[in-house]
Structures are given as C-alpha cells and as structure tokens.
Amino acid sequence: MFFSETYKTHWWGPPRIASRALMEIPRILGFTNYEDGHSAKMVNPDWDVVFPIRNPYSRAVSWWNLRHNDRQNIEKGTHISFESFVKKERNEYFHIQPGHHWDPIGAVGTFNLQVRKIIRYEYLMDDLLEIDFVKENFDILQQQLYILKYQSRDSYRKDYIPQALNPVCSYYTQELADIVWENKKFEFLHGDYKKDSWKYLL
C-alpha cells in the first residue's frame with residue numbers, strides 16, 4: 001500500500017490483480033510505501049484512493065496457480081486441482097470478504113473515501129492513463145508502462161507448469177463457476193462482471 005501527500009491519494013494493491021507489476025508506478029512518482037503489503041489502509045480521510053479490480057473467475061484461477069499449481073507444489077507433492085481448490089473448505093481467496101484487510105471495496109465504505117480511479121485488470125493500460133497524475137507524468141512513466149504492458153504481468157509465470165497458461169474458461173464447469181459466484185458475489189457486483197463471464201475468459 002502506498003500513499004502520497006503530493007497527490008493526496010492512497011494506492012492500494014490487493015493480491016492477484018497485477019499488484020506487483022503496478023506498484024512501480026507509485027514508487028516512480030514518489031509515493032510513500034506504507035510497508036503493509038496488500039492491506040487497504042487509510043492515512044488521511046480527506047484523500048482519495050486508487051485500486052485495481054479483476055474478474056473473480058480469473059482471479060480465482062490466479063490464486064490457484066500461485067498457491068497450488070506451480071512447479072514447487074508439484075515437486076513437493078502438494079499440488080491440487082482447480083476443482084479441489086474451489087471446493088476447499090479453507091479457500092485462501094474466498095476468505096477475503098468485506099471487512100478483510102485485503103478488501104478495498106469494503107475499505108472504501110468503511111473509511112468513506114472518494115475513489116479517484118478503479119483500474120480494471122482487463123483494461124489495465126487504458127485505465128492507468130485515465131489517472132490524471134499518471135497522464136501528467138507520462139514521460140517519466142513511459143518505460144515502466146511499456147514493461148507493464150508487455151512484460152511484468154508475465155514475469156512470475158516462470159514457475160508455472162505449461163497447462164497453467166490455458167484459457168481461464170477451460171478450468172470451469174457450471175458447478176465451479178456457481179461456487180465462485182456465490183463466494184465472491186460482492187466483487188462481481190462491484191466490478192459489474194457478469195455471472196456467465198467465465199465462458200468467455202481467455
């Protein structure tokens with residue numbers, strides 16, 4: 001989590017929404033790093049906030065790839081299928097509900113903050129360039145924006161197994177989609193992601 005007195009803005013980075021790739025933007029712009037990871041904290045109630053969102057069907061697959069579907073888990077014998085992950089009683093992703101310190105949606109309401117911009121994962125560059133202080137500092141951000149667009153979001157995938165790069169829709173059945181929908185409905189509704197959107201995700 002970053003904040004800037006200059007721009008009077010909080011910059012939150014919830015997990016599995018390109019947070020590591022995005023964090024270089026506030027760093028280059030001189031934001032202060034709160035050193036609290038993915039938490040949605042408030043420094044000044046009069047400042048606004050920027051944070052990313054992502055289709056929960058896609059985000060669920062990303063959580064599974066990170067925690068259960070990489071080479072290390074396979075080598076250790078701790079790999080589980082996506083179906084097992086979704087049906088797991090203690091699912092790391094489903095645990096993030098309104099009020100959790102990693103949930104920006106609930107935090108906005110709790111702190112009564114004005115949202116400056118929501119960065120949609122699916123339209124990352126378009127939304128970034130709609131942020132006034134990003135657009136105003138395009139010259140110093142140009143290289144990082146290029147890296148973000150073409151490289152950064154894929155850098156962590158070196159530890160993934162080949163099938164982890166399959167289209168998101170290929171991991172779903174209607175049953176699994178229904179489970180994700182029921183557990184993360186507040187994220188779907190906030191981002192206006194449709195219930196059947198899993199069928200079209202690549």
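To start, this report covers the structure provided alongside it.

**With respect to the overall build of the protein**
Okay, step 1: Tallying secondary structure elements over the protein gives 11 helices and five strands in all.
Okay, step 2: Along the first, second and third principal axes, the C-alpha set of the protein runs to 45 × 35 × 30 Å.
Okay, step 3: Burial status across the protein gives 49% buried among its 202 residues.
Okay, step 4: Taking contacts inside the protein between residues at least 6 apart in sequence as the whole, the part at least 24 apart equals 76%.

**Comments concerning the packing of helix H3 (residues 56–68) against helix H10 (residues 174–183)**
Okay, step 1: At their nearest, the axes of H3 and H10 sit 10 Å apart, and the two run at 100° to each other. By the angle between their axes, H3 is roughly perpendicular relative to H10. Contact residues: H3 offers Pro56, Tyr57 and Ala60, while H10 offers Ala177, Val180 and Trp181.

**Overview of the pairing of strand E4 (residues 48–53)**
Okay, step 1: Within E4, six of the six residues are buried, which leaves the element mostly enclosed by the surrounding structure.
Okay, step 2: Side chains of E4 alternate between two faces, with Asp48, Val50 and Pro52 and Val49, Phe51 and Ile53 buried alike.
Okay, step 3: Of the pairings in the sheet, the one linking strand E2 (residues 9–11) to E4 comprises three bridges and is parallel in character. Residue pairing in the sheet places histidine 10 in a bridge with valine 49 of E4.
Okay, step 4: Strand direction decides the pairing type here: E4 and strand E5 (residues 115–120), joined by five bridges, are parallel. Following the sheet pairing, proline 52 is matched in E5 by isoleucine 119.

**Focus on the packing of aromatic side chains**
Okay, step 1: Considering all chains together, one arrives at 21 aromatic pairs under this definition.
Okay, step 2: When the ring of tryptophan 11 is compared with that of phenylalanine 31, the centres are 6.2 Å apart and the planes differ by 80°; the resulting orientation is edge-to-face. Of this pair, tryptophan 11 sits in strand E2 while phenylalanine 31 sits in the loop between helix H2 (24–28) and strand E3 (32–33); the two residues are 20 residues apart in sequence, bridging distant segments of the chain.
Okay, step 3: Ring geometry for tyrosine 172 against tryptophan 198: centres 6.1 Å apart, planes inclined by 45°, an arrangement best described as tilted. With a gap of 26 residues between them, tyrosine 172 in the loop between helix H9 (138–155) and H10 and tryptophan 198 in the segment after helix H11 (185–191) connect regions that are remote in the sequence.
Okay, step 4: Accessibility expressed as a relative area gives 7% for tyrosine 172, which makes it buried.
Okay, step 5: Judged by relative accessible area, tryptophan 198 falls into the buried class, the value being 10%.
Okay, step 6: Linked through ring pairs, Tyr57, Trp64, Phe82, Phe85, Tyr171, Tyr172, Trp181, Phe188 and Trp198 together constitute an aromatic cluster.
Okay, step 7: The ring of tyrosine 121 carries the charged tip of arginine 54 above its face, separated from the ring centre by 3.9 Å.

**What about the pattern of salt bridges?**
Okay, step 1: For the structure shown, the criterion picks out 15 salt bridges.
Okay, step 2: Residue aspartate 36 is joined to lysine 41 by a salt bridge in which the shortest nitrogen-to-oxygen separation is 2.5 Å.
Okay, step 3: Between arginine 116 and aspartate 132 there is a salt bridge; the shortest N-O distance is 2.8 Å. Of this pair, arginine 116 sits in strand E5 while aspartate 132 sits in helix H8 (residues 132–136), and the two are 16 residues apart along the sequence.
Okay, step 4: Accessibility expressed as a relative area gives 32% for aspartate 132, which makes it partly exposed.
Okay, step 5: Connected through shared salt-bridge partners, Lys117, Arg120, Asp127 and Glu130 make up one network.

**Here we look at helix H6 (residues 104–111)**
Okay, step 1: Burial in H6 covers these residues: Pro104, Gly106, Ala107 and Val108.
Okay, step 2: Elements in contact with the buried residues of H6: E4 and E5.
Okay, step 3: Between the side-chain oxygen at the start of H6 and the backbone nitrogen of isoleucine 105 there is a gap of 3.1 Å, and the oxygen is on aspartate 103.
Okay, step 4: Asparagine 112, located one to two residues past H6, shows a positive phi value of around 55°.

Here is what the cut-offs are and how they apply
Residues numbered from 1 in each chain as written. Predicted model: local features only at pLDDT ≥ 70, side-chain atom pairs only at ≥ 80, totals over all residues. Heavy atoms only, no water. Helix = DSSP H or I, 4+ residues; strand = E, 2+ residues; numbered from the N terminus. Buried < 20%, exposed > 50% of the residue type's maximum accessible area, 1.4 Å probe, protein only. Contact = heavy atoms within 4.5 Å. Axes fitted to C-alpha atoms, helices over the stretch in contact; angles between N-to-C directions. Parallel < 35°, antiparallel > 145°, perpendicular 65-115°, else oblique. Pairing = 2+ DSSP bridges. Phe/Tyr/Trp six-rings, centres within 6.5 Å; stacked < 30°, edge-to-face > 60°. Lys NZ or Arg CZ within 6 Å of the ring centre and 35° of its normal. Salt bridge = Lys/Arg side-chain N within 4 Å of Asp/Glu carboxyl O. Polar contact = N/O pair within 3.5 Å; in protein donor to acceptor, adjacent residues only side chain to side chain.

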